[in-house]
Amino acid sequence: MVDSHPTEPSKLFELQDSPKEKVFDAYSAESVEEVPFQDFEHVIRGAEDITNLIISAEDIPDLPALTFRFWVLGTGLATFGSVLSEIYFWKPQNAIVSSLFQLIISYVLGNAMHYAMPSTGIWRYVNPGPFNIKEHTCITIMASTASTTATAIGIIATLDLFYGVTLNPGAAIFQTFASQLIGYGFAGLLRTLLVWPTYALYPNQLPSISLLQSMHFGGLLNRKKMKYFWIVFWAIFCWEIIPTWIFPLLTAFSVICLADNGRSALIRNLFGAGSSNEGLGLLSFSFDWTLLTQAYPLYWPLQTQVSSWIGLLLGYVLMMGCYYGDVFQGYSRGLPFMSTALFSGNGSSYDQSAILNSNNQLDPVKYAEVGPPFMSTTYAVSLLMSYASMGAAFSHILLWNWKELWGAFKGFNFLKSGQDFDDVHFQRMKAYKEVPQWWYGTIFIVSLGLAIGMAYVGVNTLPWWSVIVFTIIAFILAVILGFIYAVTGFQIPTGGFVQVIAAFVHPQQPVQNMYAKLYGYNTGYQTLAMLSDLKLGQYAKVPPRATFVAQVSGTILGGIFNYILYKSIVDAHRTVLTNPIGTRIWSGWNSQEINSAAITWGALSQELYSPGKMYFQIPLGLLYGFIAPLPLYIMHRLYPKQWIWSYLNMPIIFTYLGWLPYSVNGMWWPGFIIGLYTQWWVRTRKPRWYMKYNYLTSAALDGGSSIIYFILNFAVFGELSLLELTRLCSYIIRGASGNAVSFPTWWGNPDPTVLSVDRCMVSDFS
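The shown structure was predicted, so the numbers you read here are calculated from the model rather than taken from an experiment.

A. Representation of the pattern of salt bridges within the structure. Under the definition given, this model contains six salt bridges. Aspartate 59 is paired through a salt bridge with lysine 134; the nearest N and O atoms lie 2.6 Å apart. Taken together, the residues span a long stretch of sequence, with aspartate 59 in the loop between α1 (47-54) and α2 (68-89) and lysine 134 in helix α4 (residues 133-146) at a distance of 75 residues. Take aspartate 59 and lysine 134: they sit in the same class, and that class is buried. With its nearest N and O atoms 3.2 Å apart, the salt bridge here joins arginine 574 to aspartate 160. You can see arginine 574 sitting in helix α23 (residues 544-577) and its partner aspartate 160 sitting in helix α5 (residues 151-162), a full 414 residues away along the chain.

B. Local environment of unusual backbone geometry. We note that tyrosine 202 has phi near 55 degrees; this positive angle belongs to a residue other than glycine. Locating tyrosine 202 in the fold gives a position in the loop between α7 (191-194) and α8 (206-216). On the accessibility criterion, tyrosine 202 (0% relative accessible area) is buried. Non-glycine residue aspartate 326 carries a positive phi angle of around 60 degrees. As for its placement among the helices and strands, aspartate 326 is situated in the loop between α14 (302-324) and β1 (342-343). A residue is classified by how much of its surface remains accessible, and aspartate 326, at 25% relative accessible area, is partly exposed.

C. Highlighting the nonpolar core. The biggest cluster of nonpolar side chains holds 224 residues, and the ones touching the most others in it are Tyr163, Leu211, Phe229, Tyr515 and Ile618. Excluding residues that lie within four positions of it along the chain, isoleucine 618 makes contacts with Phe328, Met375, Ala380, Leu383, Leu384, Tyr387 and Tyr609.

D. Summary view of the environment of tyrosine 323. Residue position: tyrosine 323 is located in helix α14. Counting along the chain gives 58 residues from tyrosine 323 to valine 381, while the straight-line C-alpha distance between them is 9.3 Å. Contacts of tyrosine 323, omitting those with residues within four sequence positions, involve Asn269, Gly330, Tyr331, Leu335, Phe337 and Thr377.

E. Quick peek at the packing of aromatic side chains. Taken as a whole and judged by the stated rule, the model has 49 aromatic pairs. Judged by centre distance (5.2 Å) and plane angle (75 degrees), the rings of tryptophan 230 and phenylalanine 233 are edge-to-face. Of this pair, tryptophan 230 and phenylalanine 233 are both found in helix α9 (residues 220-239), three residues apart, which corresponds to roughly one turn of the helix. Relative accessible area serves as the criterion here: at 3%, phenylalanine 233 is assigned to the buried category. Aromatic pair tryptophan 234 and phenylalanine 237: ring centres 5.2 Å apart, planes at 70 degrees, arrangement edge-to-face. Of the two residues, tryptophan 234 and phenylalanine 237 both sit in helix α9, three residues apart, roughly one turn of that helix. Given the relative accessible area of 46%, tryptophan 234 is considered partly exposed. It is arginine 685 that lies over the ring of tryptophan 680; its NZ or CZ is 5.0 Å from the centre.

F. Local environment of α8. Counting buried residues in α8 gives 11 out of 11 residues, a clear majority hidden from the surface. Leu206, Pro207, Ser208, Ile209, Ser210, Leu211, Leu212, Gln213, Ser214, Met215 and His216 are the residues of α8 that are buried.

G. Looking closely at a nonpolar patch on the surface. The grouping of Leu398, Trp402, Trp406, Leu623, Tyr624, Phe626, Ile627, Leu630, Ile634, Leu638 and Tyr639 at the surface amounts to a nonpolar patch, some 1,100 Å² of accessible area in total. For the nonpolar patch, the secondary structure elements donating two or more residues are α17 (402-409), α26 (617-627) and α27 (629-638). Turning to its location among the elements, tyrosine 624 is positioned in helix α26.

H. Molecular detail of the side chain of lysine 535. Topologically, lysine 535 is positioned in helix α22 (residues 510-540). No salt bridge is formed by the buried lysine 535. Its closest oppositely charged neighbour is aspartate 423, at 4.8 Å.

I. Up close: the packing of helix α6 (residues 169-189) against α22. The contact between α6 and α22 brings their axes to 7 Å, and the two run at 50 degrees. Between α6 and α22, the angle is such that the two are oblique. Of the two possible hands of crossing, α6 and α22 adopt the one that is right-handed. Note on element contacts: α22 touches α6 through Tyr515, Leu518, Tyr519, Asn522, Thr523, Gln526, Thr527, Met530 and Leu531, opposite Gln175, Ser179, Gln180, Ile182, Gly183, Tyr184, Phe186 and Ala187. Considered class by class, the residues forming the contact of α6 with α22 number nine nonpolar, eight polar and no charged.

J. View of the side chain of serine 284. One can find serine 284 in the loop between α12 (265-271) and α13 (289-292). Those residues in contact with serine 284 that sit more than four places away from it in its chain are Ala252, Phe253, Ser254, Phe271, Ala273, Gly666, Trp669 and Pro670.

K. Structural view of α5. For α5, built from 12 residues, the straight-helix expectation of 16 Å at 1.5 Å per residue is met to within 8% by its first-to-last C-alpha distance of 16 Å. Taking burial as the measure, the 12 residues of α5 include 12 buried ones, the bulk of the element. Buried within α5 are the following residues: Thr151, Ala152, Ile153, Gly154, Ile155, Ile156, Ala157, Thr158, Leu159, Asp160, Leu161 and Phe162. Packed against the buried residues of α5 are α2, α6, α22, α23 and α24 (589-603). Phi for glycine 164, located one or two positions after α5, is positive at around 70 degrees.

L. Layout of the confidence of the model for the protein chain. The predicted model of the protein chain averages 85 in pLDDT, with 88% of residues at 70 or higher. Helix α32 (residues 722-725) is the least confidently modelled element of the protein chain, averaging 39 in pLDDT, while α14 averages 96, the highest of any element. Ignoring residues within four places in sequence, the model shows residues 1-39, a span with pLDDT below 50, making 102 contacts including any to other chains.

M. Quick look at the environment of isoleucine 209. Locating isoleucine 209 in the fold gives a position in helix α8. Relative accessible area serves as the criterion here: at 1%, isoleucine 209 is assigned to the buried category. Isoleucine 209 sits 486 residues away from tyrosine 695 along the chain, and the two C-alpha atoms are 8.8 Å apart. Sequence-distant contacts of isoleucine 209, that is, excluding residues within four places in its chain, are made with Ile55, Leu536, Tyr539 and Ala540.

N. View of the environment of valine 754. Residue placement: valine 754 occurs in the segment after α33 (728-734). The exposed category is assigned to valine 754, whose relative accessible area is 54%. The spacing of valine 754 and glycine 262 is 492 residues in sequence and 8.2 Å in space, taken between C-alpha atoms.

O. Fine view of the packing of α4 against α22. The contact between α4 and α22 brings their axes to 10 Å, and the two run at 170 degrees. Between α4 and α22, the crossing angle belongs to the class labelled roughly antiparallel. Residues Ile133, Lys134, Thr137, Ile141, Ser144 and Thr145 of α4 form the contact with α22, whose own contacting residues are Asp533, Leu536, Gly537 and Ala540. Of the residues that constitute the contact of α4 with α22, the class distribution is four nonpolar, four polar and two charged.

What counts and how
Residues numbered from 1 in each chain as written. Predicted model: local features only at pLDDT ≥ 70, side-chain atom pairs only at ≥ 80, totals over all residues. Heavy atoms only, no water. Salt bridge = Lys/Arg side-chain N within 4 Å of Asp/Glu carboxyl O. Helix = DSSP H or I, 4+ residues; strand = E, 2+ residues; numbered from the N terminus. Buried < 20%, exposed > 50% of the residue type's maximum accessible area, 1.4 Å probe, protein only. Core = buried A, V, L, I, M, F, W, Y, C linked by side-chain atoms within 4.5 Å. Contact = heavy atoms within 4.5 Å. Phe/Tyr/Trp six-rings, centres within 6.5 Å; stacked < 30°, edge-to-face > 60°. Lys NZ or Arg CZ within 6 Å of the ring centre and 35° of its normal. Patch = residues over 30% accessible without salt bridge, like charges linked within 9 Å, V, L, I, M, F, W, Y side chains within 5 Å. Areas by Shrake-Rupley, 256 points an atom, 1.4 Å probe, with all protein chains shown as cover. Lys, Arg positive; Asp, Glu negative; His and termini not counted. Axes fitted to C-alpha atoms, helices over the stretch in contact; angles between N-to-C directions. Parallel < 35°, antiparallel > 145°, perpendicular 65-115°, else oblique. Left-handed = near helix turned anticlockwise from the far one by under 90°. Nonpolar A, V, L, I, M, F, W, Y, C, P; charged D, E, K, R; others polar. Expected span 1.5 Å × (residues − 1). pLDDT = per-residue confidence, 0-100.

Laid out in structure tokens, this is it:
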């Protein structure tokens, strides 16, 4: 019988372990917070070890969750996070609002409320005791749920920037609610498959639960861990001022760029990494943790990271070879090396309004006069790899996880209640009432009805049957991609795949293509996000109904404030956001990517992607990707002792093959060093330190860097003046249009009109 695939968490770390490790019974282990397990040199192998050794099963069922503190802090931080995430959406760095940042802030404020407020008499209902882990987790979930820019807002902004269409606020906000909450209905159905079992590890939540339990559980070990946490936190807090403002050369330090000093476009394209759409970043080293954290070096399993490293290495060769080999004619037509925008044949920006009629549909006569758009070579190749990763995800899951899929869906087992799992945290959660399936069903039906209703308000989006079709597609994708995300922590983008289908269902309709992506992709993405939060709730022993309330509340608040900030930012920076290159401070690359995909697939799929056309190979990536895992699986079946065949993850490799042509790229090489050091050397050579401090280190670095980055963004980089920093509500009305306080130019902070931040040649477009 062939062994299971190592993407099962129990196999993730197994291949590197020392054969001399001591035997340790994971299931009989005491709480991870207790001292006795320090006597063992046990190497963490996978999900069972992590959930039993690193994550404590300790619980006090009587602790309240939905307290007054939860509602005050949850609402405040959800509002704050949604505002900040919308600002980051329009940044070249592709930064995100860290949930650890919100976790730390809520810890400080929650304890402050406890000590500042009376706790006797009627006040005991407002201040029911010390700030506890359950309400803290609920605040974190509510805030983090609101702190991701909704795909719906990205599409609405794209309509505003590139189509001259402005939806009324009510329609825009309700479209956002509908697209977000449909995914929550799916998540309820998939709990038995992707939340409750041990193999559903969700590595992205390990730093959060490690920090939460260290903050709230007593004992000498936790006091030591919290002392260590605050040392690392304040160290990175102080350090980040240097690379992000005073010495930005350190965000992408490249010896080769320094030697070239802006003379060669070839050097910039291969080695540049500091500015928006500059280069691939080969051998570029960032010392800025806000960038380094995007490589996930401290908590992604080693297997996930190895596959990403292979993809990146091959990506350097692929992108440079294709560009200078004039694949897709990007080089010969003088298109930028990196950009997600569309261009005319002479290298200028493509005027899409010249080929669309008043209903934003393709006008064949106008198109014949204007001609086809062109994509930069690196962007086109990246799209090809994205489709390949999607195709590989389908075959990968079918080959390696068929048993789990069959077990969940056979006889509709995933709909049945009362199922049991041999997971220590699931067993502890039996003390609480579970959320009934009809709650999720009600959210799904109401949200789907709202989505259909909003499709006929304002701009013509999708017919009712199309909303249903793409919602079904989103559910199928959520199941397939949910396995990969739960086990590896890696999310595979599926928006392009959905747009391929939409191109055939709604030909020559760019707006409908975008909305097909909204309901066929974003709803599945939201499913994964909710499943991850449900797992955090299980780890922290939060009553499931409290987690449900926190998630829904955060989604509603996030949608409202995402919309408010989008309007103010777009109105203030419209010209910069439509520029294919952008600036160091603002960039519309996210919206440009949405628009490019909508035009090429929605309006011009037949003209660009049919056989014999320029970009015919791009959709074939689905086929190439689907085939790619088969040789590895066959070799694994033939030679099961040769672990390499089952160790590689083709969906991840393909994704990172196309990952480089976006934004900035200084994080990958230091991420490789840190990831190899922590996930291999430290884990196998220093297992006690790894168990106690690895995920806590990640939490401290993410938290400290996020907080200082926020302060610098609002006080220095032009989003907000210092006076307005204390007036967030006023800012929400006025918009993100403050004046930047630039650090004086010097060798480590070059003039952006002369050199890129890493002293390579400037990327420019006029």
